[in-house]
Amino acid sequence: MTTDIAWEEWGRKDPYFGVITDPKFRRAELTDAARNEFFESGRAHVDYVLRMIRQYLSPTFQPASVLDFGCGVGRLLVHFSPTAGEVVGVDVSISMLEEAQRNCNEFGVSNVRLFPSDDRLTALAGSHYDLIHSFIVFQHMAPERGREIFRRMLGHLAAGGIGAVHFSYSKTCYASTNGVAPPAPATTSLPGAVRIWRTSAATPPPGADPEMQMNPYNLNELLFILQGAGVRRFHVEFTDHGGELGVFLFFQKLP
Ligand SMILES: C[S@@+](CC[C@H](N)C(=O)[O-])C[C@H]1O[C@@H](n2cnc3c(N)ncnc32)[C@H](O)[C@@H]1O
């Protein structure tokens, strides 16, 4: 998959900027202060996720096991670690996983296991998790692929378990079509996707950033998958990352 190649390149060349595209997280610019800020953003995110779950779905929620799909350099893993007995991170980029392992070691975290991800979620075979989490990951792959991974992922949610999964669904630039992607021009094979951090030239200039796709998903399809998987309640928080509009879905599978 081309996006997998791009993500391995991000992991190798500029993993922190690949996770949060702010110039201060460029590998060449990454000061100790910026690195601390990067991981503090992870702490705030994990606190927020647990707060949303307890407020809207399960007041006493305390996961024994957590899966973080698309874990990157472990920004969130190291903060999920104290809340759960077992934390599993999977990612399609080996370089991201290597960086995540270094970060887990540095944070003194010993209950995190890391696995390379594939579309069949082979590494998770036979495992179920109390919390399945994924943030700013599905947006980076084609929806027809992401949908199938999402469907499969729900099969790894324990009975009564909780999902916190983020998807992009629209862009502010689609305002004139009520948030729906206009038909793609004949010249692009990526309907609705915008290639950022790269010019539209077929051959990128030397040293250019890898591709980073931003793909909106159809919420009807996602809700259909959730209901089919036994989810009866959910809570949604909207996200807006520079005009990329998203939903952070919090849901509980029936016990
Ligand atoms: C923007 S980063 C987010 C990392 C992490 N979720 C965080 O918030 O810190 C996106 C991550 O998704 C991973 N990724 C992209 N496509 C993937 C796929 N098909 N399967 C698993 N991981 C994927 C990338 O390698 C990258 O580490």
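Residues numbered from 1 in each chain as written. Predicted model: local features only at pLDDT ≥ 70, side-chain atom pairs only at ≥ 80, totals over all residues.

J.: I would appreciate a short explanation of helix α5 (residues 94–106) in the present structure.
T.: Think of an α-helix as turning once every 3.6 residues; residues three or four places apart then point the same way. For α5, built from 13 residues, the straight-helix expectation of 18 Å at 1.5 Å per residue is met to within 8% by its first-to-last C-alpha distance of 18 Å. Inspection of α5 places Met 96, Leu 97, Glu 99, Ala 100, Asn 103 and Cys 104 among the buried residues, and these make up the whole buried set. Along the long axis of α5, the arc covered by the buried residues comes to 160°, so they all point the same way. Away from the buried face of α5 by more than 90 degrees, exposed residues Arg 102, Asn 105 and Glu 106 are located. Check the buried side of α5 and you find it contacts α1 (2–13), α2 (15–19), α4 (77–80), β2 (86–91) and β3 (112–116). Two residues or fewer after α5 comes Gly 108, characterised by a positive phi angle close to 70°. (Helix = DSSP H or I, 4+ residues; strand = E, 2+ residues; numbered from the N terminus. Expected span 1.5 Å × (residues − 1). Buried ≥ 20, exposed ≤ 12 C-beta atoms within 10 Å, placed from the backbone. Arc of directions from axis to C-beta. Contact = placed C-beta atoms within 7 Å.)

J.: Would you take a moment to explain the packing of α1 against α5 for this structure?
T.: In a pair of packed helices, the angle between the axes and the distance between the axes together describe the arrangement. The N-to-C vectors of α1 and α5 enclose an angle of 35°; their axes lie 7 Å apart at closest approach. Taking contact as the criterion, the partners of Glu 8, Gly 11 and Arg 12 in α1 are, on α5, Ile 94, Ser 95, Met 96 and Glu 99. Its residues placed into classes, the contact of α1 with α5 shows two nonpolar, two polar and three charged. (Axes fitted to C-alpha atoms, helices over the stretch in contact; angles between N-to-C directions. Nonpolar A, V, L, I, M, F, W, Y, C, P; charged D, E, K, R; others polar.)

J.: For this particular structure, what's the right way to read the nonpolar core?
T.: Inside soluble globular proteins, nonpolar side chains tend to come together where they are buried. One finds Leu 77, Ala 100, Ile 132, Ala 164 and Phe 250 to be the most contacted residues of the largest nonpolar core, which totals 51 residues. When residues in this core are grouped by element, the largest group, six residues, is from strand β5 (residues 157–171). Excluding anything up to four places from it in sequence, Phe 250 contacts Met 52, Ile 53, Tyr 56, Leu 57, Ile 162, Ala 164, Phe 234 and His 235. (Core = buried A, V, L, I, M, F, W, Y, C linked by C-beta atoms within 7 Å.)

J.: Would you mind going over the pairing of strand β8 (residues 231–241) with me for this structure?
T.: On any regular strand, side chains alternate: one points to one face of the sheet, the next to the other face. Of the pairings in the sheet, the one linking β8 to strand β9 (residues 244–253) comprises 10 bridges and is antiparallel in character. If you follow Thr 239 over to β9, its bridge partner there is Gly 246. From the end of β8 to the start of β9, which pair antiparallel, there are two residues, and Gly 242 there has a positive phi angle of about 55°. (Pairing = 2+ DSSP bridges.)

J.: So what exactly am I meant to see when it comes to the environment of Glu 148 here?
T.: Along the chain, the position of Glu 148 falls in helix α6 (residues 143–154). Residues Glu 148 and Ala 184, 36 residues apart in the sequence, show an inter-C-alpha distance of 23 Å.

J.: I tried to follow unusual backbone geometry on my own but got confused; where do I start?
T.: Most peptide bonds are trans, and most residues other than glycine sit at a negative phi. The residue Leu 121 is not glycine, and still its phi comes out positive at about 55°. Mapped onto the elements of the fold, Leu 121 is located in the loop between β3 and β4 (129–134). Its identity as a non-glycine residue notwithstanding, Asn 178 has a phi of 55°, on the positive side. Structurally, Asn 178 is set in the loop between β5 and β6 (194–196).

J.: I keep staring at the sheet that holds β9 and nothing clicks. Help me out?
T.: In a beta sheet, neighbouring strands pair by backbone hydrogen bonds and run either parallel or antiparallel. Taken together, seven strands build an open sheet; the order of strands is β3-β2-β1-β4-β5-β9-β8 and the sheet is mixed. Each of the sheet's edge strands pairs with one partner strand only, and the pair in question is β3 and β8. Strand-to-strand twist of the sheet, defined as the mean angle between neighbouring strand axes without regard to direction, takes the value 15°. α5 contacts β2 and β3 of the sheet and is inclined by roughly 170° relative to β3.

J.: Can you help me understand the pairing of β5 in this one?
T.: Where burial is concerned, most of β5 is hidden: 11 out of the 15 residues are buried. Where β4 and β5 come together, five bridges link them in parallel fashion. Within the sheet, the bridge partner assigned to Ser 134 lies in β5 and is Val 165. Where β5 lies against β9, nine bridges are found, and the strand directions are antiparallel. Along β9, the bridge assignment pairs His 166 with Phe 248.

J.: Is there a simple way to explain the site of the ligand in this structure?
T.: Not every one of the 18 residues close to the ligand is listed here, only the nearest: Trp 7, Gly 70, Gly 72, Arg 75 and Val 92. Of the residues belonging to the shell around the ligand, the class tally is 10 nonpolar, six polar and two charged. (Near = placed C-beta within 6 Å.)

So, to be careful, I would describe these as geometric facts and stop short of saying anything about function.
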